[in-house]
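# Per-entry structural report
Chain by chain, the residues:
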Amino acid sequence: MRRAILGSLLAAGCLAAGLPAAAQSPAPRREAIRIGILSDLSGSFADVAGPGSVAAANLAVEDFGGRAAGLPVQILSGDHQNRADTGSAIARRWFDTEGVDAIVDLPNSAVALAVGEVARNANRVALVTAAVASRLTGDLCSPNLIHYSIDTWSMSNVPSRTLVQQGGATWFYVTADYAFGHDLERQSTDAVTRAGGRVVGSVRHPLGTTDFSSVLLQAQASRASVVALANSQADFINSMKQASEFGLMRRGQRVVGLAVYISDIVSLGLEATEGAVVVGNFYWDLTDGTRSFGRRFADRMGGRMPTDLQANVYAAVTHYLKAVEAIGSSTDGRALVARMKAMPTEDLAFGRGEIRADGRRVSPVYVFQVKPPGESRSRYDVYRLVREVPLEEAYRPTAQGGCPLVQGGG
């Protein structure tokens, strides 16, 4: 009893003296490396991330051998419900009380930015594999965050430059009327203009629009050689389906989706999307490695092939575990992110790549065209490769992003 009282008094003395926590008592022994997949498990992003992201994370852990730095690796999952406050609350609980070392996935840019700040304050790791805000490696970059998914800069600049070079001189935009759509249109417009093209018009639609007839009539009347859909998910699916019904592509206009995933194309079908141009950093049928990963993923997901975002999860978890193994610990988030940047990336889904000082993962980006139905051999055989984009064209130059880590601050 006297020993217990003395221990309490000594602890109180340490606190009063302002000694660091590590000096007050030894840190509890860690029993596992814990990775949280914080996603949209049932809403608008569930098909492109969601349960498939959890499956991809588990595949990465299994391929790594199930252990890192001598500890078993555990995968948790949570649903942020596309709310920044919900995502932040889950992240704090995971970091503060549940021993989570890294959070991965984070579809929805508002959620990703909020959780990135929580990770920074807690000195844990945020691996953004689904959100697309370019600010994640720009003015809001963090020494605790790495961005794997291609962002609005790449989504806008790559197809715009490519199609202008292929003769698409005039452009018309169908744009979702909120920050994401505005950002896509603005950056694409800049790229079109720099490449020598011309914007002849645009029209904005509310989020969740189901009837695009008046919008598409304006696009058709513009006679633009390219109609760019600066929207995503249900808005892209509805506008693309109705563009096919209106016969825009049959009349010679090229339709480009600026934020499209394979699940969107499969949902619509090749009859409605034939000839559409899309950009991505992953397709399951590119290499032996992507085919191997894709088929193993499909075995767990009822035959569904992975999206770019789900493949990003596999790559991010793989590289994170390599860094944990190299350091021998998962407790210092900044040190882990620094080690991830120092090591080249390599995995089945993307091959070799690197992580820049601003936190941007750099790997090949591709321009695809949707196949005609007669060329497809299976449900997920949907793309024809048009171009592998040179890396210097595929990503925003580091110096243009405004990341304090690059400029010497942060």
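The present account deals with the structure reproduced in this document. Numbering of residues starts from 1 in each chain and follows the order in which that chain's sequence is written. In keeping with the model being predicted, local features are shown solely for residues with a pLDDT of at least 70 and side-chain atom pairs are shown and tallied solely at 80 or more, while totals for entire chains, interfaces and linings include all residues. The side-chain numbers reported here are obtained from all heavy atoms of the structure, hydrogens and water having been left aside.

### Some details on unusual backbone geometry
Unusually for a residue other than glycine, Gln81 sits at a positive phi of about 55°. Working definition: helices are DSSP H or I runs of at least four residues, strands are E runs of at least two. Numbering for both runs from the N terminus. Relative to the elements of secondary structure, Gln81 occurs in the loop between strand S3 (71-79) and helix H4 (84-97). On the accessibility criterion, Gln81 (51% relative accessible area) is exposed. You will see that Leu106, though not glycine, has its phi angle at about 65°, which is positive. Positionally, Leu106 belongs in the loop between strand S4 (102-105) and helix H5 (109-122). The class for Leu106 is buried, based on a relative accessible area of 0%. We call a residue buried when its accessible area falls under 20% of the maximum for its residue type, exposed when it is over 50%, and partly exposed in between, using a 1.4 Å probe and counting protein chains only.

### Quick word on the state of the cysteines
Our working definition of a disulfide is a cysteine sulfur pair at a distance within 2.5 Å. Summed over the entire model, instances satisfying the criterion amount to one disulfide. For Cys141, the disulfide goes to Cys403, at an S-S distance of 2.0 Å. In this structure, the disulfide formed by Cys141 and Cys403 twists by about 85° around the S-S bond and is classed as right-handed. Remark: Cys403 occurs in the loop between helix H15 (391-394) and helix H16 (404-407) and Cys141 occurs in the loop between strand S5 (125-128) and strand S6 (145-147); sequence separation between them is 262 residues. Taken as a pair, Cys141 and Cys403 share a single burial class, namely buried.

### As for the side chain of Ser188
For Ser188, the location among the structural elements is in helix H7 (residues 179-194). Residue Ser188 is classed as buried on the basis of its relative accessible area, which comes to 0%. Identification of polar contacts relies on pairs of N or O atoms within 3.5 Å, with a donor-acceptor requirement for protein atoms, meaning one able to donate a hydrogen and the other able to accept it, and with residues adjacent in sequence counted only if both atoms are side-chain atoms. Here the side chain of Ser188 touches Tyr173 through a polar contact of 2.7 Å, side chain to side chain. Those residues in contact with Ser188 that sit more than four places away from it in its chain are Ser156, Ser160, Trp171, Tyr173 and Leu258. The contact definition used throughout considers only heavy atoms, calling two residues in contact when any of these lie within 4.5 Å.

### Section: empty space enclosed by the protein
Of the two site types, the cavity is a set of points on a 1 Å grid over the protein atoms alone where a 1.4 Å probe fits but cannot get out, and the pocket is an open set with protein on both sides within 12 Å along at least five of seven lines, each lined by residues with an atom within 4 Å of a point. Grid points are joined across faces, edges and corners, and a volume is the space filled by probe spheres set on the points. If you walk through the whole model with that rule in mind, you get four cavities of 30 Å³ or more. What lines the largest cavity is a set of 15 residues, among which Ile150, Met155, Val260, Tyr261 and Val279 lie closest to the centre. Among the residues making up the lining of the largest cavity, the classes are represented as nine nonpolar, five polar and one charged. In this structure, the second largest cavity occupies an estimated 50 Å³ of space. Forming the boundary of the second largest cavity are Asp47, Ile262, Ser263, Phe297, Met301, Arg304, Met305, Thr307, Gln310 and Tyr380. Residues were grouped as follows: Ala, Val, Leu, Ile, Met, Phe, Trp, Tyr, Cys and Pro as nonpolar; Asp, Glu, Lys and Arg as charged; and all remaining residues, including Gly, as polar. By residue class, the composition of the lining of the second largest cavity is five nonpolar, three polar and two charged.

### With respect to the sheet that holds strand S12 (residues 345-347)
Strand pairing is assigned whenever DSSP detects at least two bridges linking the two strands. On the basis of which strands lie adjacent, the open sheet formed by three strands has the order S12-S13-S14 and antiparallel pairing. With partners counted over all chains shown, the strands left at the sheet margins are S12 and strand S14 (361-362), one partner each. The pairing of strand S13 (residues 351-355) with S14 spans two bridges and is classified as antiparallel. If you follow Ile355 over to S14, its bridge partner there is Arg361. Each of S12, S13 and S14 touches helix H13 (residues 308-327); the most contacted strand, S12, lies at about 120° to it. Here, axes are lines fitted to C-alpha atoms. For helices the fit covers the stretch in contact, and angles between N-to-C directions go from 0 to 180 degrees.

### Side note on the packing of aromatic side chains
Pairing of aromatic rings covers Phe, Tyr and Trp, the last through its six-membered ring, and needs centres within 6.5 Å; plane angles under 30 degrees mean stacked, over 60 mean edge-to-face, and all others mean tilted. Per the stated rule, a full pass over the model turns up eleven aromatic pairs. Each ring, one from Tyr366 and one from Phe368, has its centre 5.8 Å from the other, and the planes form 35°; the classification is tilted. Of the two residues, Tyr366 and Phe368, both sit in the buried class. Between Phe368 and Tyr383 the ring centres are 4.8 Å apart and the planes differ by 10°, which places this aromatic pair in the stacked class. Taken together, the residues Phe368 in strand S15 (residues 365-370) and Tyr383 in strand S16 (residues 383-389) connect sequence positions 15 residues apart. Judged by its relative accessible area of 1%, Phe368 is buried.

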